[in-house]
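Observations on the model geometry
Each chain, written out:
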Amino acid sequence: MSADVCVIVPTIREYECVRSYVANAEEHGFDTDRLEFVLVTEDHCPTGEMEAMLDELGVAGEVFDGRRREAWLAERGVGDYGHLIPARSHAQTSFGLLYLWAHDHPYGVFVDDDTRPHDDVDFFGTHLDNLRAERTVESVRSDEHWVNVLYHAADDHGLYPRGYPYAAMDETVETGTREVSDVVASQGLWTNVPDLDAVRILMDGDLQGQAETRLTADDFGPDFVAEPGQYLTVCSMNLGFRREVVPAFYQLPMDDNEWSVGRFDDIWSGVFLKRAADVLGKDVLTGDPLCRHDKAPRSTFDDLHNEVAGLELNEHLWTLVDDAGADADTYADAFAAMADALLAAEADYRNGDFLAHVGEYMHDWLDCLDALRPVERAIPADD
């Protein structure tokens, strides 16, 4: 069987995490021939060791540092779009999306290198099952139009995840059930270190960029979807998705910009994805498979410095795109409408001009994908 799942791993340190994910697949009978790993790294990192690891594991994959990314884009006639992949940024995962698009993988999975799968869960199988789900799941909404992905035990731990708007806190949550049959993204959550922003880490009493509060599997309930018109934080450390979403899932020009806005790549791209999914009648499913998040200690104040430039923008971004693209028929059309909304916004916020910058890059993203568009192929049959 040819590889139909592109596993995108941004890494500068713990590239050996791939071993754990391959071992999990083998343990649960998931055919590793279906996996192609794309390691996105930097020029100073040991790319030779990464390539040797993939060879040793017997899995398909490639390693791309900055020079190799530039060469790959140039070889495919889209070298002029190299600016879409920011330097020294987690948002370099956008390159993995371009690779997936060019190679026509039907599925993608984002994995961060400081995570590990739970041994008792079929990591890749669960993501793919979610993306093919036809079942009844919990549906969630709040009076603030935002769903806290940690809501199941929020009364106990009081946590809100990185990217959740501060103005949407203290929300009233309502739950119900809904039939889902067109899931386009499967967001797995995380045990051990929760994914918090620096302000919330400080409020939790930790100075080492982690959290005093730790999460276990018992802190999570059943899989759920946020209802149409509701937003949620999308974290790319453990995320499966269908190829079709790529036009609306650019990870944005974070960190490498004159406003020093960073750390919101997956958060803002998640807002755009959820809006597009709502317009097109699709769903984002959240819950399993869980992964273990072993975030390394680092200064919470360094994270705060990196996040503060975008904090005010994050409070307002979703309102600027909330009615964009209502008549769109494709992800690309919905994404273009959101880009136009950012370009037209009267963004009287700190670093507000960055929003128009993002809108310009969103249009460039769509142009780049047009140049890379491959011939469609059928999704391989299930094992």
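Definitions and limits used
- Residues numbered from 1 in each chain as written.
- Predicted model: local features only at pLDDT ≥ 70, side-chain atom pairs only at ≥ 80, totals over all residues.
- Heavy atoms only, no water.
- Core = buried A, V, L, I, M, F, W, Y, C linked by side-chain atoms within 4.5 Å.
- Buried < 20%, exposed > 50% of the residue type's maximum accessible area, 1.4 Å probe, protein only.
- Helix = DSSP H or I, 4+ residues; strand = E, 2+ residues; numbered from the N terminus.
- Contact = heavy atoms within 4.5 Å.
- Axes fitted to C-alpha atoms, helices over the stretch in contact; angles between N-to-C directions.
- Parallel < 35°, antiparallel > 145°, perpendicular 65-115°, else oblique.
- Left-handed = near helix turned anticlockwise from the far one by under 90°.
- Nonpolar A, V, L, I, M, F, W, Y, C, P; charged D, E, K, R; others polar.
- Pairing = 2+ DSSP bridges.
- Right-handed = clockwise from strand over helix to strand, strands pointing away.

With that settled, consider the nonpolar core. F37, F241 and W268 are the most contacted members of the largest nonpolar core, which totals 125 residues. The element best represented in this core is helix α11 (residues 353–372), accounting for 10 residues. When residues no more than four places from it in sequence are discounted, the contact partners of F37 are V7, V9, V18, V22, L54, V59, A60, G61, E62 and F124.

Our next topic: the environment of D255. Residue placement: D255 occurs in the loop between β12 (238–242) and α8 (265–280). Overall, D255 belongs to the partly exposed group, its relative accessible area being 31%. For the pair formed by D255 and S89, sequence separation is 166 residues and the distance between their alpha carbons is 6.0 Å. Non-local contacts of D255, meaning those with residues more than four positions away in its chain, are made with R88, S89, H90, S260, V261, G262 and R263.

The N-to-C vectors of helix α1 (residues 17–27) and helix α2 (residues 47–57) enclose an angle of 15°; their axes lie 10 Å apart at closest approach. In terms of orientation, α1 lies roughly parallel with respect to α2. α2 is crossed by α1, and the crossing has right-handed handedness. Note on element contacts: α2 touches α1 through M53, L54, E56 and L57, opposite V18, R19 and V22. Here the residues of the contact of α1 with α2 are counted per class, giving five nonpolar, no polar and two charged.

Our next topic: the pairing of strand β2 (residues 35–40). On any regular strand, side chains alternate: one points to one face of the sheet, the next to the other face. With respect to burial, β2 is a largely interior element, six of its six residues being buried. Of the two faces of β2, the one lined by L35, F37 and L39 and the one lined by E36, V38 and V40 are each fully buried. Bridging between strand β1 (residues 5–10) and β2 involves six bridges; their strand directions are parallel. Bridge pairing in β2 links P10 to V40. Where the polypeptide runs from β1 across α1 and back to β2, its parallel neighbour, the crossover connection is right-handed. Regarding the hand of the β-α-β motif, the stretch spanning β2, α2 and strand β3 (residues 60–64) is right-handed.

In short, shape yes, function no, at least from these values alone.
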